[in-house]
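# Inside the fold
The chain contents come next:
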Amino acid sequence: MECIDKVFKRLHRGEELFGSYSNGVRLLSPSEFDIFIVLKFPFALNARPDSSRPGFVHFPMTTTMNTIRNDYNNRELYDLLEQIVDWRTGCLSTAAFKEWMFDLIEQAVERCKGYFFDKGLSVVFQRHAVAFNLYIKDLNYQDVYISIDVVPAIKLGKHSWMQVRYDATAYDDSDFCNFMAVAKRGSYRPRRTFACTFMMVNPTSEQNILWDKQNLKPVMRLLKSLRDKLELNRLKSCFITHLLLWEVDKQPLEFWRKPIGYLFTYMLWQLCNCFNNGKLSYFWHSGCNLLDILKPHQKRRYTQELNDAYRTMKTFLERPNLSYDTVESFFDVPYETDYDSETEYEDDSETDYDYYDTE
């Protein structure tokens, strides 16, 4: 991609893995990957918290554009900003930024198709609301594939307001420097700023917090497997991640050395409480309720299903002769040929473009 666009080459700061594979909680062998393409602007970003959508930010660009307007060294960057900044608000447009990046990725993939074909591989790609999906299959072995969800992300750096809005214990000051922003929508209102809303993410710090917690990751896998069995498709893996992040924040390290059965039942109970109360807070900003993406009928069904599962699982702890088949029937045990790509920050209710176009 760097050979395709000079501005991208200047802004590109590498790639970062995120999601189930990077957290070590994939239910299958590695075949699906989530990757951030990380960009960093050559000037200090004036990221502004979105007061209407906790956990989201805007990027005002008017002052910066006025500063570099007549700077020959920044002419190409200025031309790009003219295309991807919303002229009504003066802020970076989520849709325009994403389209610029997706166009570059698509051009790069098209250039490489011949190379992949010579290697016996086919490449299919698709644009989604947040991610650009690459689906690579072996032409000789149809059950061999790799799925890669590519998400453009902007390095935020540290801002003074982060200390005020940070709700969890500060593990390390570097956590603030790990923040990035992705073109992920929040709520529809207020409509005036909807097209300029970016979600704050911090997967590197999340991995550091979850690392080396003994039985935490087996519990996370079990929660995901139960979710899949119950077909709670919009209960995203990142919801389970943030549920556990909050628990790590308040529990001593020894807590995660307790038996897996106990920990799983306890965390399922915590998940039930979130649904019973209608709130599962985003770890990096408690004012952001992750359950807001669910429709009322989904919340009711998910709450009922999870509470029923908890009541059953609780009885299992008191049954000494419990059979493996009985326990297995409550979990989805996937086969290696299963394909169920899930991007951490993707909302499957989102369409690709309509929510931007109706601004």
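Presented here is a report on the structure given in the accompanying data block. Residue positions are counted from 1 within each chain, in the order its sequence is given. Confidence filtering applies because this is a predicted model: local features only for residues at pLDDT of at least 70, side-chain atom pairs given and counted only at 80 or more, and all residues used for totals across whole chains, interfaces and linings. No hydrogens and no water enter the side-chain calculation; it runs on all heavy atoms of the structure.

## Details of the overall build of the chain
To be explicit about the condition: Elements are defined by DSSP. Helices are runs of H or I of four residues or more, strands are runs of E of two residues or more, and each kind is numbered from the N terminus. What makes two residues a contact is simply this: any of their non-hydrogen atoms within 4.5 Å. What sets the accessible areas is the Shrake-Rupley method with a 1.4 Å probe; for residues, cover comes only from the shown protein chains.
Scanning the chain from N- to C-terminus turns up 15 helices and 13 strands. In the chain, 68% of the contacts between residues at least 6 apart in sequence involve partners at least 24 apart. Only carbon and sulfur atoms are counted for the fraction: they give 51% of the accessible area of the chain, which is about 17,400 Å².

## Observations concerning the packing of aromatic side chains
Let me state the cut-off plainly: Aromatic rings from Phe, Tyr and Trp, taking only the six-membered ring of Trp, are treated as a pair when their centres fall within 6.5 Å; an angle between ring planes under 30 degrees marks them as stacked, one over 60 as edge-to-face, and anything in between as tilted. Burial classes follow relative accessibility: with a 1.4 Å probe on protein chains only, a residue under 20% of its type's maximum area counts as buried, one over 50% as exposed, and anything between as partly exposed.
Using the criterion set out here, one finds 15 aromatic pairs in the structure. Arranged with centres 5.5 Å apart and planes meeting at 70°, the rings of Phe102 and Phe132 form a pair that is edge-to-face. Note that Phe102 is positioned in helix H5 (residues 94–118) and Phe132 in strand E8 (residues 132–138), a separation of 30 residues in sequence. Per residue, the accessibility class of Phe102 equals that of Phe132, and both read buried. Considering the side-chain rings of Phe125 and Phe132, the 5.5 Å spacing of their centres and the 25° angle between planes classify their relative orientation as stacked. Through pairs of rings, three or more aromatic residues link up here, namely Phe255, Trp256, Tyr262, Tyr266 and Trp269.

## What to know about the side chain of His12
Here is the rule: Two N or O atoms form a polar contact when they lie within 3.5 Å of each other; inside protein one atom must be a possible hydrogen donor and the other a possible acceptor, and for residues adjacent in sequence the pair counts only when both atoms belong to side chains.
Looking at where His12 falls in the secondary structure, it is placed in strand E1 (residues 12–18). Here Gly14 takes part through its backbone nitrogen, which lies 3.3 Å from a polar atom of the side chain of His12.

## Details of the environment of Ser52
Inspection of the secondary structure puts Ser52 in the loop between strand E3 (48–49) and strand E4 (56–58). The spatial distance from the C-alpha of Ser52 to the C-alpha of Phe194 is 9.8 Å, given a sequence separation of 142 residues.

## Points about the nonpolar core
Note the following rule: Put simply, a nonpolar core is a bunch of buried Ala, Val, Leu, Ile, Met, Phe, Trp, Tyr and Cys residues held in one set by side-chain atoms that sit within 4.5 Å of each other.
Among the nonpolar cores identified, the biggest contains 99 residues, and Phe59 and Trp100 are the most heavily contacted of them. The element best represented in this core is helix H12 (residues 260–277), accounting for 9 residues. Contact partners of Phe59, with chain neighbours within four places excluded, come to Leu45, Asn46, Ala47, Gly90, Cys91, Leu92, Ile154, Leu156, Ala181 and Phe198.

## Description of helix H10 (residues 216–230)
Just so we agree on the cut-off: Each helix should span, by expectation, one fewer than its residue count multiplied by 1.5 Å.
Taking 1.5 Å of rise per residue, 15 residues should cover 21 Å, and H10 covers 21 Å from first to last C-alpha, within 8% of that figure. Turning to H10, its buried residues are Leu216, Lys217, Val219, Met220, Leu223, Lys224, Ser225, Leu226, Arg227 and Leu230. One or two positions beyond H10, positive phi appears at Glu231, with a value near 60°.

## Comments concerning the packing of helix H11 (residues 237–250) against H12
Convention followed: Lines fitted to C-alpha atoms define the axes, with helix axes restricted to the stretch in contact, and inter-axis angles between N-to-C directions lie between 0 and 180 degrees. Between 65 and 115 degrees an angle is taken as roughly perpendicular, under 35 as roughly parallel, over 145 as roughly antiparallel, and anywhere else as oblique. Rotating anticlockwise by less than a right angle from the far helix to the near helix defines a left-handed crossing, while the corresponding clockwise rotation defines a right-handed one. When residues are grouped by polarity, Ala, Val, Leu, Ile, Met, Phe, Trp, Tyr, Cys and Pro land in nonpolar, Asp, Glu, Lys and Arg in charged, and all others, Gly among them, in polar.
Running from N to C, H11 and H12 cross one another at 115°; their axes reach a closest spacing of 11 Å. In this view, H11 runs roughly perpendicular relative to H12, as classed from their interaxial angle. Of the two elements, H11 crosses H12, and the hand of that crossing is right-handed. Across from Leu243, Leu244, Glu247 and Lys250 in H11, the residues of H12 making contact are Tyr266, Met267, Gln270, Leu271 and Cys274. Its residues assigned to classes, the contact of H11 with H12 shows 6 nonpolar, 1 polar and 2 charged.

## Quick word on the pairing of strand E13 (residues 285–289)
We apply this condition: Pairing between two strands requires that DSSP report at least two bridges joining them.
Pairing geometry for strand E12 (residues 281–282) and E13, over 2 bridges, is antiparallel. Its bridge partner being in E13, Ser281 is matched across the sheet by Asn289. Taking the residues that link successive antiparallel strands as the turn, the E12-E13 hairpin has 2 residues.

## Observations concerning the environment of Gln251
Relative to the elements of secondary structure, Gln251 occurs in the loop between H11 and H12. The exposure class assigned to Gln251 is partly exposed, which follows from its relative accessible area of 21%. Those residues in contact with Gln251 that lie beyond four places of it in its chain are Trp256 and Tyr266. Of note is the side chain of Gln251, whose polar atom sits 2.7 Å from the side chain of Glu247.

## Looking at unusual backbone geometry
Most peptide bonds take the trans form, and the phi angle of most residues other than glycine is negative. Positioned with a positive phi, Gln214 is a non-glycine residue whose angle comes to about 50°. With respect to the helices, strands and loops of the structure, Gln214 is situated in the loop between helix H9 (203–210) and H10. In this structure, Glu231 is a non-glycine residue whose phi angle is positive, near 60°. Along the polypeptide, Glu231 turns up in the loop between H10 and H11.

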